[in-house]
Amino acid sequence: MFKLAVLCVLSVPAVLSAQNRDKNAETFPSPRIVILGPAGAGKSRLGNSLLGRPKNFVNTVDGKKCFEIGAFGENGRGATSDVCAHKGHFLNETNKPKITVIDTPGFGMRKEEEEETITKVVKALRDEVEYVDAFAIVLKSTTSRQSRSLQNIIDLYVTIFGPGFMKNVILVASFWAYSEEQRIYDSEITEESWLGQQRNFFKNLAGSDQLQAVYFNPNYFKKDDNQTKRFETEMTKLYQFADNSKPFHCKDIVMALDEISKLEKEVEELRVKAANADMLLKCEKLYENATILIAQLKDKATITTGSTNTIVGIA
């Protein structure tokens with residue numbers, strides 16, 4: 001009887017754990033794709049395309065500010081300000097598997113927004129989604145050269161998720177031209193050259209040379225069979241990458257908020273030190289100028305009284 005009781009007690013956590021896993025799998029069908037990128041890069045467009053939704057999709061699924069098109073929302077904020085996980089059949093075709101797409105707010109906005117976004121992303125992935133199969137980082141196809149702001153965003157992702165997330169990263173070139181008529185920018189940019197330039201943002205990370213990319217055009221001409229086929233090929237490539245990737249467990253980002261807060265505090269301390277150092281330099285310069293001026297005044301401070309020359313001392 002005692003042994004049976006012990007077995008029952010020990011099996012309860014295992015049963016609960018299994019039930020939780022089943023519930024999580026039902027709530028968030030795999031593969032699970034998290035969409036990241038700067039504000040206005042086309043993240044929500046990609047999310048809706050993966051789920052086979054129209055361009056003018058209005059989010060009535062959960063009423064949150066996500067999966068809706070627009071570079072900017074109210075008060076200069078990104079149109080997406082919530083983290084949302086929506087599920088549905090891939091490309092909205094019932095003969096295809098179900099997937100989960102997680103839309104996120106864009107980075108690169110105001111500092112206050114960025115801190116809020118980090119908190120939302122970390123909590124949603126760590127506490128709800130629990131694991132993801134792919135991080136799709138969306139960059140505009142016109143992003144052909146390195147910029148400090150974009151490098152900061154990539155560095156922030158590495159800080160949040162850790163360098164290990166690189167195994168689950170795939171790049172998405174948004175608004176890629178599927179025909180010569182659509183190519184209004186640099187016609188010399190090819191898939192290979194674009195990907196090579198984007199890899200520079202990750203050059204200090206292991207696996208950066210293995211980064212893959214898909215080329216996404218939400219505005220492709222649906223009546224053109226070649227463009228339609230290209231669109232479906234690129235979306236399928238993204239799906240297969242996620243489906244074949246080893247899941248990234250989001251418990252690994254449990255320390256992200258603490259680490260980011262620590263880094264922000266260190267940066268602020270450095271700013272104060274820099275300001276103090278700058279003030280010290282200014283004071284030293286003022287002192288140097290004052291010393292020179294005093295010396296000049298001493299040289300000129302000769303007062304002639306009658307036939308007697310008297311030097312007026314200056315302390």
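So, here is what we can say about the structure in this document. This is a predicted model, so every value here is computed, not measured.

## Comments concerning the nonpolar core
Counting residues in hydrophobic clusters, the biggest one holds 71 residues, and the most contacted among them are Leu 46, Leu 125, Phe 135, Phe 161 and Trp 194. Ranked by the residues each element gives to this core, the list is headed by helix H4 (residues 148-161), at 8 residues. The contact partners of Trp 194, leaving out residues within four places of it in the chain, are Leu 139, Lys 140, Ser 141, Thr 143, Leu 171, Val 172, Ala 173, Trp 176, Ile 189, Ala 213 and Tyr 215.

## Considerations on the side chain of Thr 228
Structurally, Thr 228 can be placed in helix H6 (residues 225-244). Non-local contacts of Thr 228, meaning those with residues more than four positions away in its chain, are made with Tyr 220, Phe 221 and Lys 222.

## Structural notes on the packing of aromatic side chains
Using the criterion set out here, one finds 12 aromatic pairs in the structure. Taken together, a centroid distance of 5.3 Å and an interplanar angle of 90 degrees make the contact between Phe 107 and Tyr 157 edge-to-face. Here the residue Phe 107 occupies a position in the loop between strand E3 (98-103) and helix H3 (111-129), and Tyr 157 occupies one in helix H4, the gap between them amounting to 50 residues. Here the two residues Phe 107 and Tyr 157 agree in accessibility, since each one is buried. A centroid spacing of 6.4 Å and a plane angle of 75 degrees characterise the contact between Trp 176 and Trp 194, whose relative ring orientation is edge-to-face.

Calculation criteria
- Residues numbered from 1 in each chain as written.
- Predicted model: local features only at pLDDT ≥ 70, side-chain atom pairs only at ≥ 80, totals over all residues.
- Heavy atoms only, no water.
- Core = buried A, V, L, I, M, F, W, Y, C linked by side-chain atoms within 4.5 Å.
- Buried < 20%, exposed > 50% of the residue type's maximum accessible area, 1.4 Å probe, protein only.
- Helix = DSSP H or I, 4+ residues; strand = E, 2+ residues; numbered from the N terminus.
- Contact = heavy atoms within 4.5 Å.
- Phe/Tyr/Trp six-rings, centres within 6.5 Å; stacked < 30°, edge-to-face > 60°.

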